[in-house]
Amino acid sequence: MSRSRIVIVGAGFAGYQAARTLSRTLPRTVRDAVEIVLVNPNDYFLYMPLLPEVASGMLEPRRVSVSLAGTLPHVRLVLGEVGSVDFDRRTLRYVDPEGRSGELGYDRLLLTVGSVNKLLPIPGVAEHAHGFRGMPEALYLRDHVNRQIALAAAADDPEEAAARRTFVVVGAGYTGTEVAAHGQMFTDALARQHSRDGQRAGGGRRLPEGERPRWMLLDIAPRVLPELDERLSETAHRVLRKRGVDVRPGTSIKEATSEGVLLDSGEFVPTRSLIWCVGVRPDPLVKDLGLETQQGRLVVDEYLRVPGHPEVMACGDAAAVPDLTRPGEITPMTAQHAVRQGKTAGRNLAASFGYGASRPYKHHDLGFMVDLGGVQAAANPLKVPLSGPLANLVTRGYHLASMPGNRIRVLADWALDAVLPRQAAQLGLVRSWSVPLESSSPEVARTPVS
Ligand SMILES: Cc1cc2nc3c(=O)[nH]c(=O)nc-3n(C[C@H](O)[C@H](O)[C@H](O)COP(=O)(O)OP(=O)(O)OC[C@H]3O[C@@H](n4cnc5c(N)ncnc54)[C@H](O)[C@@H]3O)c2cc1C
């Protein structure tokens, strides 16, 4: 009897959960008859919500990178990036990390390739901005920020020093808000370590006037976290302001240059750091598949099946999954939905082999949490608005419960961060050219760490 093969493309929130659910749902006795293959460019699942903590030196990078081989024992991992799918022949082609191409046949296919940075046609942005989407970007940003603070401290020219101490984040969604909130705390700590006057003052608790790093958070929307509950937005705004972040709602940029950014108000902000968190669009593979899309995402039904291809499913950020709790709408691009869709896809894939019953995807939003660094957070679990240390506790507890591994290591890093100063060492592992903002070509966008 020939072995059936289920191929899952992408090991993010949706793909990881699908593989895990599927391997747990299929009975042991059929493991020899049904092979589960996961194709992903890296050998880890990235827990993206904690990436701002990696960029700000609180968590070590491997804490948020959960080994696929170590946590998915009955799943075969194929390292590679899928470039095309032949739906008639039921095969896909991929390129492995060493540039070799390969082909895989499938009986069932699940597409969970997620999303990439969204660019806007603003002059200079593609050349001078850096996105914030994966591990290379987080590590690049951590080093870059470290370097700017060190160079600012050594600069003789006060204008150059001020530009190097200025960091502009565009996009006040949860990613941009968290990056700015953590970034201000991180750079304050770094600047204190570099400050000559501060050290003389013993421990450098207060930075001398003019040496404090400046973070700006811009968004065209009238408030931060525009897509979330207004109360979360107010809490986040208050915390950011108190921390010293220059929050500019209703503001965007007209142009970016190597010397700074021109705001739409006409103000020029000298800076060497433009961090682009303007949003996401589905992975470029989605467009190349030739399947029907809605808002750039693959059209699927409530069982996550691609119309006209009963053996193909899709979910997560890459798919336009009907939101049965809000008829006529599709589910937002969040980890909360991707995780649950992945589980549904895993169960439905098992059902397609006769194990269990297929179910439609339906999930009521459980609220959102935004970690603002220190003991601050804004959260509304089950629609209950929380702020301050309680929100922070709930947020961290939620992240720990949601991570499929490395929990003790994350806890240990949090504990160390509470009692020890941040480490200001640059590792120089990621060069700026290996984290381009434009991701129209997936191979280029994900060039591995040099
Ligand atoms: C910094 C940051 C913070 C976030 N914080 C939150 C949060 O707090 N709460 C929340 O709900 N959401 C959050 N999100 C959004 C959330 O991470 C996404 O909605 C979620 O990752 C979507 O899951 P996914 O499985 O669809 O895609 P992803 O998690 O993006 O996974 C896609 C996977 O597919 C792989 N892939 C892509 N193309 C190919 C290909 N051609 N071949 C093979 N593999 C491929 C990718 O490498 C990746 O491993 C955050 C996002 C970011 C960037």
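Residues numbered from 1 in each chain as written. Predicted model: local features only at pLDDT ≥ 70, side-chain atom pairs only at ≥ 80, totals over all residues. Heavy atoms only, no water.

Moving on: the overall build of the protein chain. Counting secondary structure elements, the protein chain contains 14 helices and 27 strands. Its C-alpha atoms give the protein chain a radius of gyration of 23 Å, near enough to 22 Å, the size a compact globule of 450 residues would have. Expressed as a percentage of the 450 residues in the protein chain, the buried residues total 54%. Residue pairs in contact within the protein chain that sit at least 24 positions apart in sequence constitute 66% of those at least 6 positions apart. Taken as two groups, the 53 positive and 49 negative side-chain charges of the protein chain have centres that lie 7 Å from each other. (Helix = DSSP H or I, 4+ residues; strand = E, 2+ residues; numbered from the N terminus. Rg over C-alpha atoms; globule rule 2.2 N^0.38 Å. Buried < 20%, exposed > 50% of the residue type's maximum accessible area, 1.4 Å probe, protein only. Contact = heavy atoms within 4.5 Å. Lys, Arg positive; Asp, Glu negative; His and termini not counted. Charge placed at Lys NZ, Arg CZ, Asp CG, Glu CD.)

Attention now goes to the site of the ligand. Around the ligand, the structure places 32 residues, and the nearest of them are A14, N40, V82, D317 and A335. Residue N40 places a side-chain N or O atom 2.9 Å away from an oxygen atom belonging to the ligand. Within the side chain of Y174, an N or O atom sits 3.4 Å from a nitrogen atom of the ligand. Its free accessible area being 990 Å², the ligand has 93% of it covered by the protein chains. Counting only elements with at least two residues in the shell around the ligand, the list comes to α1 (13-25), β2 (34-40), β6 (81-86), α7 (174-194) and α11 (335-351). Residues belonging to the shell around the ligand are distributed by class as follows: 17 nonpolar, ten polar and five charged. Both of domain 1 (4-41 + 80-117 + 281-351) and domain 2 (125-278 + 367-434) provide at least three residues apiece to the shell around the ligand. (Near = heavy atom within 4 Å. Polar contact = N/O pair within 3.5 Å; in protein donor to acceptor, adjacent residues only side chain to side chain. Areas by Shrake-Rupley, 256 points an atom, 1.4 Å probe, with all protein chains shown as cover. Nonpolar A, V, L, I, M, F, W, Y, C, P; charged D, E, K, R; others polar. Domains from an automatic or database assignment.)

Tracing the backbone shows Q184 in helix α7. Separated by 3.0 Å, the side chain of Q184 and the backbone oxygen of P213 make a polar contact. With residues up to four places along the chain from it excluded, the contact list for Q184 reads R212, P213, R214, W215, R243, G244 and V245.

What follows concerns the domain arrangement of the protein chain. Each assigned domain of the protein chain is listed with its residue range as follows: domain 1 (4-41 + 80-117 + 281-351) and domain 2 (125-278 + 367-434). Put simply, the middle of domain 1 and the middle of domain 2, counted by C-alpha atoms, are 33 Å apart. If you look at the interface, domain 1 gives nine residues, while domain 2 gives eight residues. Carbon and sulfur atoms supply 38% of the area that domain 1 and domain 2 bury against each other, a total of about 640 Å² over both sides. Among the residues of domain 1 in contact with domain 2, S115, N117 and Q336 are the three that bury the most area, contributing 55% of the side total. Between domain 1 and domain 2 we count one salt bridge in total. (Buried area = accessible area lost by both parts, 1.4 Å probe. Salt bridge = Lys/Arg side-chain N within 4 Å of Asp/Glu carboxyl O.)

This brings us to the sheet that holds strand β23 (residues 309-314). Read from one edge of the open sheet, six strands run β5-β2-β1-β9-β23-β22, paired in mixed fashion. Every other strand in the sheet has two partners, leaving β5 (76-79) and β22 (305-306) as the edge strands with one partner each. The sheet contact formed by β2 and β5 spans four bridges and is parallel. Across the sheet, L38 pairs through a bridge with L77, a residue of β5. Along the sheet, α1 makes contact with β1 (4-9), β2 and β9 (108-111), crossing β1 at roughly 155°. (Pairing = 2+ DSSP bridges. Axes fitted to C-alpha atoms, helices over the stretch in contact; angles between N-to-C directions.)

The side chains of a regular strand alternate between the sheet's two faces. For β6 and strand β7 (residues 91-95), the ladder comprises five bridges, and the chain directions are antiparallel. Across the sheet, residue V82 finds its bridge partner in β7, namely Y94. Between β6 and β7, which pair antiparallel in sequence order, lie four residues; one of them, R90, sits at a positive phi of approximately 55°. The antiparallel pairing of β7 with strand β8 (residues 101-105) creates a hairpin that spans five residues between the two strands, and G99 there sits at a positive phi of about 85°.

Moving on to empty space enclosed by the protein. Applying the stated criterion across every chain, the model contains one cavity of 30 Å³ or more. P52, A55, S56, L141, V145, E178, V179, H182, G183, F186 and W215 are the residues that line the largest cavity. When contributions to the lining of the largest cavity are tallied by element, the ones reaching two or more residues are α2 (51-55), α5 (135-154) and α7. Looking at the lining of the largest cavity, the element that brings in the most residues is α7, giving five residues. When its residues are assigned to classes, the lining of the largest cavity shows seven nonpolar, three polar and one charged. (1 Å grid on protein atoms, 1.4 Å probe; cavity = no way out; pocket = protein on both sides within 12 Å on 5 of 7 lines; lining within 4 Å. Points joined across faces, edges and corners; volume = space filled by probe spheres on them.)

Below, the discussion takes up a nonpolar patch on the surface. A contiguous nonpolar patch, built from L366, L382 and V384 and spanning about 270 Å² of accessible area, is present on the exposed surface. Within the element layout of this structure, V384 appears in the loop between β26 (377-379) and β27 (386-387). (Patch = residues over 30% accessible without salt bridge, like charges linked within 9 Å, V, L, I, M, F, W, Y side chains within 5 Å.)

This part is about the packing of α5 against α7. The geometry of α5 relative to α7 is characterised by a closest axis approach of 10 Å and an angle of 40° between their N-to-C directions. As summarised for this structure, α5 and α7 are arranged oblique, according to the angle between their axes. You can see that α5 and α7 cross each other, and the crossing is right-handed. In contact with L141, R142, V145, N146, I149, A150 and A153 of α5, α7 contributes V179, F186, T187, L190, A191 and H194. Residues of the contact of α5 with α7, tallied by class, amount to nine nonpolar, three polar and one charged. (Parallel < 35°, antiparallel > 145°, perpendicular 65-115°, else oblique. Left-handed = near helix turned anticlockwise from the far one by under 90°.)

Attention now goes to the packing of α1 against α11. At a minimum axis distance of 7 Å, the contact between α1 and α11 shows a crossing angle of 35°. α11 is crossed by α1, and the crossing has right-handed handedness. Contact residues: α1 offers F13, A14, Q17, A18, T21, L22 and T25, while α11 offers A335, A338, V339, G342, K343, A345, G346, R347, L349 and A350. Residues of the contact of α1 with α11, tallied by class, amount to ten nonpolar, five polar and two charged.

Okay, the environment of G57 next. Assignment of secondary structure puts G57 in the loop between α2 and β4 (65-67). Here the alpha-carbon distance between G57 and R192, two residues 135 residues apart in the chain, equals 15 Å. Look past the residues within four positions of G57 in its chain and what remains in contact with it is R142, F186 and R422.

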